[in-house]
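Fold and geometry: a report
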Amino acid sequence: MKKEQKIDLVRYWKFFTLGYMMVAWIVLVFFMDKPEWTLIPAFILYLVASAIVCRAYFIGMIGNMYYFFRKPDKAKVFYTKAVKMKTRNVKALYNYALDALHEGRAEEALGIFQRAERINTKTLFDKLIPLAVSSCYWVLGDIDKAIEAIEDLMKKYDYLNPNTLTTLAYFYMLKGDLEKAEKLTDDALKDNGEYAPAWDNLGQICYIKNDYEKAEEHFKKALSYRETMTESLYYMGLIEKSKGNKEKALEYLKKAGSGYISALSTVKKEDIDKAMAELGEA
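Residues numbered from 1 in each chain as written. Predicted model: local features only at pLDDT ≥ 70, side-chain atom pairs only at ≥ 80, totals over all residues. Heavy atoms only, no water.

Next up on the list: the pattern of salt bridges. Inspection of the entire model under this criterion finds 16 salt bridges. With its nearest N and O atoms 2.9 Å apart, the salt bridge here joins K243 to E216. With K243 in helix 13 (residues 230-243) and E216 in helix 12 (residues 212-225), this pair connects stretches of sequence that are 27 residues apart. With a shortest N-O distance of 3.8 Å, K255 and E251 are connected by a salt bridge. Here K255 and its partner E251 are both found in helix 14 (residues 246-258), four residues apart, which amounts to about one turn of the helix. Given a relative accessible area of 45%, K255 falls into the partly exposed group. (Salt bridge = Lys/Arg side-chain N within 4 Å of Asp/Glu carboxyl O. Helix = DSSP H or I, 4+ residues; strand = E, 2+ residues; numbered from the N terminus. Buried < 20%, exposed > 50% of the residue type's maximum accessible area, 1.4 Å probe, protein only.)

Written out as structure tokens, the structure reads:
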């Protein structure tokens, strides 16, 4: 019901554009007897006017374009401007907030995600935004709200992708409910048997249970699908350390430390540095 009350401005704009072009054809071609090519400059003028009137949305679109072409720095410039102008471009809001979340600005990201959720009308973001919101709560230290955000999503949709299931499983693991964490992770792997984070989840669950042999098996499985998996590399380093294999442990830990570590990484740079220091490596 709530979703039906939202106004899809993009859909209205498309209808308005179609109506404008029909009126332009009637006036220019039918009544004024102008050649049909005159519709081109008329349409260009319409787009310029739309860009001016809806400039906050348009600036967000430019950011989305740069993001699509993998130019995140340029995209960020336009996203920042669009957000300050209170854009209603949900994709721009989502991408900006996601960057903020990865950079550790979880409180700011949460507010932007919630704004995007209030105006969103697309099913894709109806699933993506609550998942991102849950990660914000996790970073902010509220695991219960993180779990609640995803479980509310599960009530709305019959299908959730492996990423969402694995994330929820990790939150339950943090809560100490290893049985539920393992069940959700198994469900994720039934959907995609090559999903590295799910194998890493199983490895961490076994590691908590002190079943290092099984944990190692799962971590190696995760690394076979994603060799740069920071968490699996870190725990493999700890396992090799427990075996007394200093050289092998340092190899894993150095690889873990050289990878991409953001606020959403479950293993932090300080954890890796501490483990290496314990092995006598500065």
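Another aspect to go through is the packing of aromatic side chains. To describe a pair of aromatic rings, you give the distance between the ring centres and the angle between the ring planes. Applying the stated criterion to the full structure yields eleven aromatic pairs. Between Y94 and F125, the ring centres sit 5.4 Å apart and the planes meet at 65 degrees, which makes this aromatic pair edge-to-face. Here Y94 is found in helix 5 (residues 90-102), whereas its partner F125 is found in helix 7 (residues 123-139), with 31 residues between them in sequence. Exposure remark for Y94: the relative accessible area of 10% places this residue in the buried category. Judged by relative accessible area, which is 12%, F125 ranks as buried. (Phe/Tyr/Trp six-rings, centres within 6.5 Å; stacked < 30°, edge-to-face > 60°.)

Over its 13 residues, helix 14 extends 18 Å from the first C-alpha to the last, a length consistent with the 18 Å expected when each residue adds 1.5 Å. Restricting attention to buried positions, one finds in helix 14 the residues A249, L250, Y252, L253 and A256. Buried residues in helix 14, looked at end-on, bunch into an arc of 165 degrees, giving them a common side. Opposite its buried face, helix 14 presents the exposed residues E247 and S258, each directed more than 90 degrees away. Next to the buried residues of helix 14 lie helix 12, helix 13 and helix 15 (269-278). (Expected span 1.5 Å × (residues − 1). Arc of directions from axis to C-beta. Contact = heavy atoms within 4.5 Å.)

A word on the packing of helix 11 (residues 196-208) against helix 12. It is at 8 Å that the axes of helix 11 and helix 12 come closest, and there the two elements cross at 165 degrees. Judged by the inter-axis angle, helix 11 sits roughly antiparallel to helix 12. The two elements helix 11 and helix 12 cross, and the hand of that crossing is left-handed. Residues A196, W199, D200, L202, G203, Q204, C206 and Y207 of helix 11 lie in contact with helix 12, whose contacting residues are Y212, K214, A215, H218, F219, K221, A222 and Y225. For the contact of helix 11 with helix 12, the residue count by class is ten nonpolar, three polar and three charged. (Axes fitted to C-alpha atoms, helices over the stretch in contact; angles between N-to-C directions. Parallel < 35°, antiparallel > 145°, perpendicular 65-115°, else oblique. Left-handed = near helix turned anticlockwise from the far one by under 90°. Nonpolar A, V, L, I, M, F, W, Y, C, P; charged D, E, K, R; others polar.)

Before going further, it helps to spend a moment on the nonpolar core. One finds F113, I129, F171 and Y234 to be the most contacted residues of the largest nonpolar core, which totals 73 residues. Here Y234 is in contact with L253, A256, V267, D271, I272 and A275, once residues within four sequence places are set aside. (Core = buried A, V, L, I, M, F, W, Y, C linked by side-chain atoms within 4.5 Å.)

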